[in-house]
Amino acid sequence: MTHSLPSRPPNPILSGLAGRCPRCGEGHLFHGFLTVAPKCEACGLDFSFIDSGDGPAFFVMTFSGFVVVAAALIVEVLYQPPFWVHAALWLPLILLTTLVPIRPLKGLMIALQYRHNAAEQQFRSDQSS
């Protein structure tokens, strides 16, 4: 069942982070953990235009790598623990700093892509020269 669109578009940051439709802000954007739904169940927006690419993964990996490597180096310099302690500390931190932010960040990038009508670059050849 579709309904009328809101008079003002939803905030792309809030709707994206919440995993909601970038047009109405109510329907679910994701069908699985990172799988984008075919369309919005609230307003019917076709999500086939969506291509967030590797952007969310790049930002998450950069953030996670900085946090984990910095923490591991600090712990190594200060305490010199055995390698199993490093594994016990940093594997859960890697999972936490990658899996928690990836979905909200992907939703944010999709919402911003929709808001700004971003699309893949199209090249045309001019035959008028």
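Shown above is the structure to which this text applies.
None of these values were measured; they are calculated from a predicted model.

Thresholds applied
Residues numbered from 1 in each chain as written. Predicted model: local features only at pLDDT ≥ 70, side-chain atom pairs only at ≥ 80, totals over all residues. Heavy atoms only, no water. Core = buried A, V, L, I, M, F, W, Y, C linked by side-chain atoms within 4.5 Å. Buried < 20%, exposed > 50% of the residue type's maximum accessible area, 1.4 Å probe, protein only. Contact = heavy atoms within 4.5 Å. Helix = DSSP H or I, 4+ residues; strand = E, 2+ residues; numbered from the N terminus. Expected span 1.5 Å × (residues − 1). Bend = angle between axes of the 7 residues up to and from the residue.

1. Looking at the nonpolar core
In step 1: Core analysis: the largest hydrophobic core is formed by twelve residues, namely Cys21, Cys24, Leu29, Phe30, Ala37, Cys40, Ala42, Cys43, Leu45, Phe47, Ile50 and Ile110.
In step 2: Contacts of Cys21, omitting those with residues within four sequence positions, involve Pro10, Ser15, Gly27, Leu29, Cys40, Cys43, Leu45 and Phe47.

2. Examining helix H3 (residues 83-115)
In step 1: The end-to-end C-alpha distance of H3, which contains 33 residues, comes to 47 Å, matching closely the 48 Å that a straight helix rising 1.5 Å per residue would cover.
In step 2: The largest bend along H3 measures about 40° and falls at Ile102, with the proline Pro104 one to four residues further on.
In step 3: If you check which residues of H3 are buried, you get His86, Trp90, Thr97, Ile102, Lys106, Gly107, Leu108, Ile110, Ala111 and Gln113.
In step 4: On its buried face, H3 sits against helix H1 (12-18) and helix H2 (55-79).
In step 5: With its phi angle positive at about 50°, Asn117 sits one or two positions after the end of H3.

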